[in-house]
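Read off the chains here:
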Amino acid sequence: MFTIPLFGRSSALAVFLVAMVSLVQGQTPPPEGPEAVKAIMARHAVAIAEADRNNDVQQAISLRLALAAMSKPKDALALYTRAVAIADSAHLDAEAIATRQALARTLAGRGQMKQAYQEAIRAAEHAAGWATDRLAAAEAKRDSLLRAMAIDRDSLLAGAEAGRRATEVRVNEANDAARSWMWEIGRAHV
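Overview of the structure. A quick note: this is a predicted structure, and the numbers were derived from the prediction, not measured.

**Considerations on the overall build of the protein chain**
Logical step 1: For the protein chain, the count of helices and strands is six helices and zero strands.
Logical step 2: Along the chain direction, N to C, the helices and strands of the protein chain fall in the order α-α-α-α-α-α.
Logical step 3: Going through the 190 residues of the protein chain one by one, you find that 19% of them count as buried.
Logical step 4: Considering only contacts within the protein chain whose residues lie at least 6 apart along the sequence, 50% involve residues at least 24 apart.
Logical step 5: Accessible surface for the protein chain amounts to roughly 13100 Å². Of this, 62% is attributable to carbon and sulfur atoms.

**A closer look at the environment of isoleucine 97**
Logical step 1: Of note, isoleucine 97 is situated in helix H5 (residues 93–109).
Logical step 2: Taking the C-alpha atoms as reference, isoleucine 97 lies 9.2 Å from alanine 120; in sequence the two are 23 residues apart.
Logical step 3: Ignoring any residue separated from it by four or fewer positions in sequence, one finds isoleucine 97 in contact with Ala123, His126, Ala127 and Trp130.

**Quick notes on unusual backbone geometry**
Logical step 1: Phi angles above zero are rare outside glycine, and asparagine 55 is one such case at about 55°.
Logical step 2: Within the secondary structure, asparagine 55 is located in the loop between helix H2 (34–53) and helix H3 (57–70).
Logical step 3: The phi torsion at histidine 91 lies on the positive side, around 55°, for a residue other than glycine.

**Regarding the environment of arginine 122**
Logical step 1: Among the structural elements, arginine 122 can be located in helix H6 (residues 113–189).
Logical step 2: The spatial distance from the C-alpha of arginine 122 to the C-alpha of arginine 100 is 7.5 Å, given a sequence separation of 22 residues.

**What to know about the side chain of serine 71**
Logical step 1: Position of serine 71 relative to the elements: it lies in the loop between H3 and helix H4 (73–89).
Logical step 2: According to the relative accessible area criterion, serine 71 is buried, its value standing at 14%.
Logical step 3: Not counting residues within four places of it along the chain, the set of residues in contact with serine 71 comprises Met41, Ala76 and Leu79.

**Looking at the side chain of histidine 44**
Logical step 1: Relative to the assigned elements, histidine 44 resides in helix H2.
Logical step 2: Accessibility expressed as a relative area gives 17% for histidine 44, which makes it buried.
Logical step 3: Apart from the residues within four sequence positions on either side, histidine 44 is in contact with Leu63, Ala66, Leu67 and Met70.

Here is what the cut-offs are and how they apply
Residues numbered from 1 in each chain as written. Predicted model: local features only at pLDDT ≥ 70, side-chain atom pairs only at ≥ 80, totals over all residues. Heavy atoms only, no water. Helix = DSSP H or I, 4+ residues; strand = E, 2+ residues; numbered from the N terminus. Buried < 20%, exposed > 50% of the residue type's maximum accessible area, 1.4 Å probe, protein only. Contact = heavy atoms within 4.5 Å. Areas by Shrake-Rupley, 256 points an atom, 1.4 Å probe, with all protein chains shown as cover.

Below, the structure written as structure tokens:
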């Protein structure tokens, strides 16, 4: 984990809090009436239960995120916390990062700034680790492709060299046959 000097922490916390508050204030309620929202929320709850029964992890996470966006902060907090746990246990890094960021926004909206900051830091660390892992995997794939290309190149070069040697032998044989033929013709005319 990286360390930030005391002044840097205060500045970083202030910037983070301003960003969180602006995000939370920027959220607008859906245009439907309260009954329509309740019906949508009920459908999401049923779909979440079904996704959980079917072990559809991706669907369970996305439905929880959608329902949390419509829910009251306390209910959203529970939904985001469960979605984070599911994403972490399934090793779904992108979903875990997005869910942690949403959880941090919800915590900030509830005024739990310390927890929001900690969750935002976890999301950033997770994102950095994920990016590092993806980079390492890409480098390993590149190295593997380079080795395969080198093997193919060496094979092609060896084949070309063998073909060149075989052609050289045939040319020499043809030259020997031509000299022998010319010698035979020359002896026949003498």
